[in-house]
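Chain by chain, the residues:
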Amino acid sequence: MRHYPLYKISQECLYRLGKGVLNTYNHTEITNLDVGKAIAKECEDLLALDEDCTPAGIREIRSRRQISDDVPDDDIHAQVVEDDNGNLFIISVCRNDDDETMFEIFSEQSISEVVVKEVITYIRKVFCWCTPVHICVWPAPESPQAQQLLSLSGTRAVDSLLGSQAPFLDVRDDLKTAISLQPFELDKHWAWYEQEYNQFLAKNPAMANIVPISDKEELSDSIEEGLCSMAFYQGQPLGMIMGEQSEELGFDGLLVSDIFIAKQFRGQGFASPMQRLYYQLHEPNFEFFFGYIDATNKPSYYNALKQGRKLLRQELYLPAQLFI
């Protein structure tokens, strides 16, 4: 095997890896997919793995992690790895929402337990300055490789990317009349949202990192883009839904980043019509609607499927102790 920092990757190798990442999507039901644009977007996202490795960023990483001066700067960057058969991988060090260190792997070919073991054994010599808790991989959903990795003790599915295209499922006439969407306004609606979220978290503390509260800056950005809505049912606060413009698979996409239902309306079937009305509101301006939902958040996951969204990609956490 051999390796080198991501910033030295050739366009040919980057394209091969971008194509490999696209192959981990379940995109068979997506219409009008421009494969070239989709691969270009994946290549852009792969290069972004190194965006924190500016000179100032590397100094900050060295200070925070107390990395010895004996470790070259190049070994702090994301790494391109080529195995003995010429297969390509990109491996980076990152942290999740629980502030746990991970090695994240993207590959040209389908990844398996044996392959993970080989590349992690190799890259540990480069990333000697940290110890991962998880190995993060993105096998194609429901593929034999995904099933094999999920069978490993301690492995769990995490972020699930679910998306859909128009036309969207309709809303009953009575609910169309009863539910209204209005622009979210911080001075009017923030106190309600914060109070409802804190009440939810008090009863569901384990959900703090699975469905974190959106902060005011995130809300402000969504409001500025005209993509944050407050929903009312017969004049009473029903919930909020927010999104952001985000390209996905080469489409002009709307990433739905937060959906929240008031306590008094949970479990009564309001999440579906609220989402469908939001999709219909923004349908003229976007080609693709998607969002990330933690696989353990079953209510939100299954509700997304009810809206016609499909599982496109699946992130898995493998216990690092199995491989190091």
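Heads up: these notes are all about the structure in this document. Numbers given to residues run from 1 along each chain, matching the order in which its sequence is written. Predicted model: local features are reported for residues with pLDDT of at least 70 only, side-chain atom pairs are reported and counted for 80 or more only, and whole-chain, interface and lining totals are derived from all residues. Note that the side-chain values use all heavy atoms of the structure and ignore hydrogens as well as water.

Quick notes on the overall build of the chain
Now for step 1: Scanning the chain for helices and strands turns up ten helices and twelve strands.
Now for step 2: Principal-axis analysis of the C-alpha atoms gives the chain an extent of 65 × 40 × 35 Å.
Now for step 3: For the chain, restricting intrachain contacts to residue pairs at least 6 apart in sequence, the fraction spanning at least 24 positions comes to 71%.
Now for step 4: Each accessible area value is a Shrake-Rupley result obtained with a 1.4 Å probe; residue values ignore everything except the protein chains displayed when judging cover. For the chain, the exposed surface amounts to about 16,000 Å²; the carbon and sulfur share of it is 47%. What counts as a helix is a DSSP run of H or I of at least four residues, what counts as a strand is a run of E of at least two, and both are numbered from the N terminus. We call two residues contacting when some pair of their heavy atoms lies within 4.5 Å.

Here we look at the nonpolar core
Now for step 1: One finds Tyr193, Leu219, Tyr233, Leu238 and Met240 to be the most contacted residues of the largest nonpolar core, which totals 36 residues.
Now for step 2: Met240 has contacts with Phe184, Trp192, Tyr193, Leu219, Cys228, Ser229, Met230, Asp258, Ile259, Phe260 and Met274, leaving out every residue within four places of it along the chain.
Now for step 3: Membership of the second largest hydrophobic core comes to 32 residues, among which are Ile58, Val116, Val137 and Leu152. In plain words, nonpolar cores are sets of buried Ala, Val, Leu, Ile, Met, Phe, Trp, Tyr and Cys residues tied together by side-chain atoms within 4.5 Å. A simple rule labels every residue: compare its accessible area, found with a 1.4 Å probe on the protein chains alone, to the largest value its type can have, and call it buried under 20%, exposed over 50%, or partly exposed in between.

Details of the pattern of salt bridges
Now for step 1: Salt bridges, as used here, are contacts in which a Lys or Arg side-chain nitrogen is within 4 Å of a carboxyl oxygen on Asp or Glu. The full count for this structure, using the stated rule, is twelve salt bridges.
Now for step 2: Asp45 is the partner of Lys41 in a salt bridge, and the nearest nitrogen-oxygen pair spans 3.2 Å. You can see Lys41 and its partner Asp45 sitting in helix α2 (residues 35-47), four residues apart, about one turn around the helix.
Now for step 3: Of the residues examined, Lys41 reaches a relative accessible area of 12% and is grouped as buried.
Now for step 4: Asp99 is the partner of Arg95 in a salt bridge, and the nearest nitrogen-oxygen pair spans 3.1 Å.
Now for step 5: Look at Arg95 and you get partly exposed, because its relative accessible area is 42%.
Now for step 6: Residue Asp99 is classed as exposed on the basis of its relative accessible area of 53%.
Now for step 7: In the salt-bridge network here, residues are joined through shared partners; they are Lys41, Glu44 and Asp45.

Quick word on the sheet that holds strand β5 (residues 134-137)
Now for step 1: Read from one edge of the open sheet, twelve strands run β1-β2-β3-β4-β5-β12-β6-β11-β10-β9-β8-β7, paired in mixed fashion. Two strands lie at the open edges of the sheet, namely β1 (2-5) and β7 (179-183), each paired on one side alone. The mean angle between the axes of side-by-side strands here comes to 25 degrees, regardless of whether they run parallel or antiparallel.
Now for step 2: Two elements, β5 and strand β12 (residues 310-319), share four bridges in a ladder whose sense is antiparallel. Considered in β12, the bridge of His134 is made with Pro319. For two strands to be treated as a pair, DSSP must find no fewer than two bridges joining them. For every element, the axis is a line fit to its C-alpha atoms; helices are fit only across the contacting stretch, and the angle between N-to-C directions ranges from 0 to 180 degrees.

Regarding the environment of Leu22
Now for step 1: Here Leu22 shows up in helix α1 (residues 11-22).
Now for step 2: Taking the C-alpha atoms as reference points, Leu22 and Arg313, separated by 291 residues in sequence, lie 9.6 Å from one another.
Now for step 3: Leaving out residues up to four positions away in the same chain, Leu22 has contacts with His27, Val35, Ala38, Ile39, Glu42 and Leu249.

Observations concerning the state of the cysteines
Now for step 1: Cysteine sulfur atoms are paired as a disulfide whenever they fall within 2.5 Å. Within the structure shown, the criterion is met by zero disulfides.
Now for step 2: The thiol sulfur of Cys53 is not disulfide-bonded, and the nearest other cysteine sulfur, from Cys130, lies at 12 Å.

Details of unusual backbone geometry
Now for step 1: A cis amide bond, omega 5 degrees, links Ala166 with the succeeding residue Pro167.
Now for step 2: Structurally, Pro167 is set in the loop between β6 (156-164) and α6 (173-178).
Now for step 3: A positive phi is found at Gln66, a non-glycine position, where the angle reads about 55 degrees.
Now for step 4: Of note, Gln66 is situated in the loop between α3 (55-65) and β2 (79-82).
Now for step 5: A positive phi is found at Leu249, a non-glycine position, where the angle reads about 55 degrees.
Now for step 6: Tracing the backbone through its elements, the reader meets Leu249 in the loop between β9 (236-248) and β10 (251-261).

Topic: the packing of helix α7 (residues 186-203) against helix α8 (residues 216-224)
Now for step 1: Packing of α7 against α8 leaves a shortest axis separation of 12 Å and a crossing angle of 135 degrees. With respect to their mutual orientation, α7 and α8 come out oblique. Crossing handedness for the pair α7 and α8: right-handed. On the side of α7, the interface is formed by Leu186, Trp190 and Tyr193, while α8 contributes Lys216, Leu219, Ser220 and Ile223.
Now for step 2: Of the residues contributing to the contact of α7 with α8, the split by class is five nonpolar, one polar and one charged. Roughly parallel means an angle under 35 degrees; roughly antiparallel means over 145; roughly perpendicular covers 65 to 115; every other angle is labelled oblique. Definitions for this section: a left-handed crossing has its near helix turned counterclockwise from the far helix by less than a right angle. A right-handed crossing has that turn clockwise. Residues are grouped as follows: nonpolar covers Ala, Val, Leu, Ile, Met, Phe, Trp, Tyr, Cys and Pro; charged covers Asp, Glu, Lys and Arg; every other residue, Gly included, is treated as polar.

Thoughts on the side chain of Asp294
Now for step 1: Along the polypeptide, Asp294 turns up in strand β11 (residues 288-294).
Now for step 2: This count recognises Lys and Arg as positive and Asp and Glu as negative, with His and chain-terminal groups excluded. Although Asp294 is buried, it makes no salt bridge; Arg156 carries the closest opposite charge, 5.3 Å away.
Now for step 3: In the analysis that follows, any N or O atom pair within 3.5 Å is treated as a polar contact, provided that within protein one partner can donate a hydrogen and the other can accept it, and provided that, for residues neighboring in sequence, both atoms belong to side chains. Within the structure, the side chain of Asp294 is placed 2.5 Å from the side chain of Thr296, a separation counted as a polar contact.

Considerations on the side chain of His77
Now for step 1: Mapped onto the fold, His77 is located in the loop between α3 and β2.
Now for step 2: Taking relative accessible area as the criterion, His77 reaches 8% and is therefore assigned buried.
Now for step 3: Of the polar contacts made by the side chain of His77, one reaches the side chain of Asp50; its length is 2.8 Å.
Now for step 4: Setting aside residues up to four positions removed in sequence, His77 forms contacts with Pro5, Tyr7, Asp50, Cys53, Ile58 and Phe127.

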